[in-house]
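Secondary and tertiary structure notes
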Amino acid sequence: MTTKKLNIAIVGLGFGKEFIPIYQHHPNTNMYAICQRRQDKLDEVGSQYGVEKRYTSYEELLKDPLVDAVHINSPIHMHAPQSVAALKAGKH
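The model shown is predicted, which means the values in this text are computed figures rather than measured ones. (Residues numbered from 1 in each chain as written. Predicted model: local features only at pLDDT ≥ 70, side-chain atom pairs only at ≥ 80, totals over all residues. Heavy atoms only, no water.)

Things to note about the nonpolar core
Applicable threshold: Think of a nonpolar core as a cluster: buried Ala, Val, Leu, Ile, Met, Phe, Trp, Tyr and Cys residues, connected wherever their side-chain atoms sit within 4.5 Å. Relative accessibility thresholds used throughout: buried, under 20% of the residue-type maximum; exposed, over 50%; partly exposed, between the two (1.4 Å probe, protein chains only). Every residue pair with non-hydrogen atoms within 4.5 Å of one another is taken to be in contact.
With 13 residues, the main nonpolar core has Val11, Cys35, Tyr58, Leu61, Leu62, Val67 and Val70 as its most contacted residues. Those residues in contact with Val67 that sit more than four places away from it in its chain are Asn7, Ala9, Tyr32, Leu61 and Lys91. Membership of the second largest hydrophobic core comes to 12 residues, among which are Tyr23, Met31, Leu42 and Val51.

Observations concerning the side chain of Gln36
As a reminder, the rule being used: Secondary structure elements follow DSSP: runs of H or I no shorter than four residues count as helices, runs of E no shorter than two count as strands, and numbering proceeds from the N terminus. Polar contacts, as counted here, are pairs of nitrogen or oxygen atoms within 3.5 Å of one another; within protein the pair requires one atom able to donate a hydrogen and one able to accept it, and residues that are adjacent in sequence qualify only if both atoms are side-chain atoms.
Structurally, Gln36 can be placed in the loop between strand 2 (29–35) and helix 2 (39–49). What makes Gln36 buried here is its relative accessible area of 16%. Among the polar contacts made by the side chain of Gln36, one reaches the main-chain amide nitrogen of Leu13 at a distance of 3.0 Å. When near neighbours in sequence (up to four residues on either side) are disregarded, Gln36 contacts Gly12, Leu13, Lys41, Leu42, Tyr55 and Thr56.

With respect to the layout of surface pockets
Note the cut-off: Definitions used for this entry: grid spacing 1 Å over protein atoms alone; cavity, a set of points where a 1.4 Å probe fits but cannot get out; pocket, an open set with protein on both sides within 12 Å along at least 5 of 7 lines; lining residue, one with an atom within 4 Å of a point. Grid points are joined across faces, edges and corners, and a volume is the space filled by probe spheres set on the points. For this scheme, ten residues count as nonpolar: Ala, Val, Leu, Ile, Met, Phe, Trp, Tyr, Cys and Pro. Four count as charged, namely Asp, Glu, Lys and Arg, and the remainder, Gly too, count as polar.
Its volume calculated, the largest pocket comes out at about 260 Å³. Lining of the largest pocket is provided by 15 residues; of these, Val11, Arg37, Ser74, Pro75 and Gln82 occupy positions nearest its centre. Looking at the lining of the largest pocket element by element, the count peaks at three residues for helix 4 (residues 76–88). Here the residues of the lining of the largest pocket sort into six nonpolar, eight polar and one charged.

Regarding helix 4
Basically, it comes down to this: A helix's residues, less one, multiplied by 1.5 Å, set its expected span.
Taking 1.5 Å per residue as the helical rise, helix 4 with its 13 residues ought to reach 18 Å, and the 19 Å between its terminal C-alpha atoms agrees with that figure. Taken from the residues just after helix 4, Gly90 is the one with a positive phi, measuring 80 degrees.

A word on the pairing of strand 2
Just so we agree on the cut-off: Note: two strands are recorded as paired if DSSP finds a minimum of 2 bridges between them. For crossovers, right-handed means that the path from the first strand over the helix to the second runs clockwise, given strands pointing away from the viewer.
Burial runs high along strand 2: six of the seven residues are buried. Bridge count for strand 1 (residues 6–11) against strand 2 is six bridges, and the pairing is parallel. In the sheet register, Val11 faces strand 2, and the bridge partner there is Cys35. Where the polypeptide runs from strand 1 across helix 1 (residues 20–25) and back to strand 2, its parallel neighbour, the crossover connection is right-handed. Across three bridges, the pairing between strand 2 and strand 3 (residues 53–55) is parallel. When the sheet's bridge partners are listed, Cys35 is paired in strand 3 with Tyr55. Taking the sense of rotation as the criterion, the β-α-β connection linking strand 2, helix 2 and strand 3 turns out right-handed.

Quick look at the packing of aromatic side chains
To keep things clear, this is the line we draw: A pair of Phe, Tyr and Trp rings is counted when the ring centres sit within 6.5 Å of each other, with Trp represented by its six-membered ring. The angle between the planes then sorts it: under 30 degrees is stacked, over 60 is edge-to-face, the rest tilted.
This structure, assessed with the given rule, holds one aromatic pair. Summarising the aromatic geometry, the rings of Phe15 and Phe19 are spaced 5.3 Å apart at their centres and angled 90 degrees between planes, so their arrangement reads as edge-to-face. Residue class for Phe15 comes out exposed when judged on its relative accessible area of 59%.

Okay, structure coming up:
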């Protein structure tokens, strides 16, 4: 039986970066992409954890057909609109 790994994208890389190794070591997930508004922070975290796919735009991340699920770690006031947008994009 083959189980497809879920491609995970993490949004918000302050506290959110702490979840990257968890997804990298989970047998059913692929730590696929990260998203952060600031390019310098995005590149720093991407290089630190070896995540190649990087977005500064949440909207562009949601357009990526390879993203299966989004883990939201943005500021709290963004959680609701980003969660709704992820659901509408089929990124459960």
